[in-house]
Amino acid sequence: MKNPVEGKGVVVTGAARGIGRALAERLAAEGARVVVADLLDDEVRAVADAVSGHAVVADAASEDGVAQLVSAARAQLGHIDIWFGNAGIERGVGLDATEDDWKAVMEVNVMAHVRAARLLVPSWLENGVGRFVVTASAAGLLTMLGSATYSVSKHAALAFAEWLSATYRHRGLVVQAICPQGVRTAMLEQAGPLQELLTRDSALATEDVAEAVWQGLLDDRFLILPHPEVAGYYTARASDTDLWLTQMNRLQQRIDTA
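This write-up is about the structure you can find in this document.

Thresholds, definitions, all that
Residues numbered from 1 in each chain as written. Predicted model: local features only at pLDDT ≥ 70, side-chain atom pairs only at ≥ 80, totals over all residues. Heavy atoms only, no water. Helix = DSSP H or I, 4+ residues; strand = E, 2+ residues; numbered from the N terminus. Rg over C-alpha atoms; globule rule 2.2 N^0.38 Å. Buried < 20%, exposed > 50% of the residue type's maximum accessible area, 1.4 Å probe, protein only. Contact = heavy atoms within 4.5 Å. Lys, Arg positive; Asp, Glu negative; His and termini not counted. Charge placed at Lys NZ, Arg CZ, Asp CG, Glu CD. Pairing = 2+ DSSP bridges. Salt bridge = Lys/Arg side-chain N within 4 Å of Asp/Glu carboxyl O. Phe/Tyr/Trp six-rings, centres within 6.5 Å; stacked < 30°, edge-to-face > 60°. Lys NZ or Arg CZ within 6 Å of the ring centre and 35° of its normal. Right-handed = clockwise from strand over helix to strand, strands pointing away.

In terms of regular secondary structure, the protein chain is built from 10 helices and seven strands. Here the C-alpha atoms of the protein chain give a radius of gyration of 18 Å, agreeing with the 18 Å that 2.2 N^0.38 yields for 258 residues. Here the protein chain holds 258 residues, and 50% of them are scored as buried. Taking as baseline every contact in the protein chain between residues at least 6 positions apart, the subset at least 24 positions apart corresponds to 66%. Across the protein chain, 22 positive and 32 negative side-chain charges occur, with their mean positions spaced 5 Å apart.

Right, dumping it as structure tokens:
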């Protein structure tokens, strides 16, 4: 089977830690030329050194930041073949999330993808090839109890990825959405009572997620599900939404009690 990343120019955002770092390491091991981006200066430069890549300190939450990243990556790589929009944040609790919380989360978790696509897709369409990969989370397929901002923004990220695929796949654009559940990252450690819910099917190491992504790159599947159980939950949600919501509410009641 042809290696889909060998010699390709690849950008990974949110790459200083967690899933982003694991993706950068795996892609580089498979022969990609990697640019890693993050706001964590020293950490992202350490990742770049580890993968013999190039670091860009950039803010995925702003239009100028995304434009600067794309420009810097093109200067380093010559051409961006594959984009991994992995940067993501979670802020606020339920309806107590502030206007600033909502704005910050939507800028990083949704608009960063839109802004990158605006800059990347035209040249990909001209060449008839390109790959855009979004880290959407199982929260984008199901929901995220406790965090309205994260759940809504990841649904939106997934919806944007679906729109890109439906609109441009016949013109050579491969769009994919990574939807893991519990992953052993700092975000999981800070999840409080939600840790039990997120790890009910086991919490994966970031390297396991990277392996699932690699397998997804080999067959171009749209949904990359590191936790295969998520497919069953997604099917149950669609087939009987009221039952699924009732079961989710029972989980919420358990969290409230805890």
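After that view, the rundown keeps rolling.
The element strand β1 (residues 9-13) is largely enclosed, with a buried count of five among its five residues. Side chains Gly9, Val11 and Thr13 project from β1 onto one buried face, and the interleaved Val10 and Val12 project onto a second face that is buried too. Pairing of β1 with strand β2 (residues 33-38), which is carried by five bridges, proceeds in the parallel orientation. Bridge pairing in β2 places valine 11 opposite valine 35.

Turning our attention to the side chain of aspartate 101. In this structure, aspartate 101 sits in helix α4 (residues 99-127). The charged side chain of aspartate 101 is buried without a salt bridge, its nearest counter-charge being arginine 91 at 5.0 Å. In contact with aspartate 101, other than residues within four places in its own chain, are Arg91 and Gly92.

For the rest of this paragraph, the subject is the pattern of salt bridges. The tally for this structure, following the rule as stated, stands at eight salt bridges. As a salt-bridge pair, glutamate 25 and arginine 21 come within 2.9 Å of each other at their nearest N and O atoms. One end of the pair is glutamate 25 and the other is arginine 21, both in helix α1 (residues 18-29) and four residues apart, which spans about a single turn. With a shortest N-O distance of 2.6 Å, glutamate 107 and arginine 115 are connected by a salt bridge. Put simply, Arg26, Glu30 and Glu211 are held in one network by salt bridges that share partners.

Below, the discussion takes up the packing of aromatic side chains. Scanning the model with the defined rule gives three aromatic pairs in all. A ring pair is formed by phenylalanine 160 and tryptophan 163, whose centres lie 6.3 Å apart and whose planes are at 15°; its orientation type is stacked. Of the two residues, phenylalanine 160 and tryptophan 163 are both situated in helix α5 (residues 148-168); the distance of three residues between them amounts to about one turn of the helix. A centroid spacing of 5.9 Å and a plane angle of 90° characterise the contact between tryptophan 163 and tyrosine 168, whose relative ring orientation is edge-to-face. Within the aromatic cluster, the residues linked to one another by ring pairs are Phe160, Trp163 and Tyr168. Between arginine 237 and the ring centre of tryptophan 244, over which it is positioned, the NZ or CZ distance is 5.5 Å.

What follows covers the pairing of strand β5 (residues 130-135). β5 sits mainly inside the fold: six of its six residues count as buried. Side-chain alternation along β5 places Gly130, Phe132 and Val134 on one buried face and Arg131, Val133 and Thr135 on a second face that is also buried. Pairing of strand β4 (residues 82-85) with β5 involves four bridges; the strand directions are parallel. The residue of β5 that forms the bridge with isoleucine 82 is arginine 131. Where β5 lies against strand β6 (residues 173-178), six bridges are found, and the strand directions are parallel. By the bridge assignment, valine 134 is partnered in β6 with alanine 177. As a crossover connection, the stretch from β5 through α5 into β6 is right-handed.

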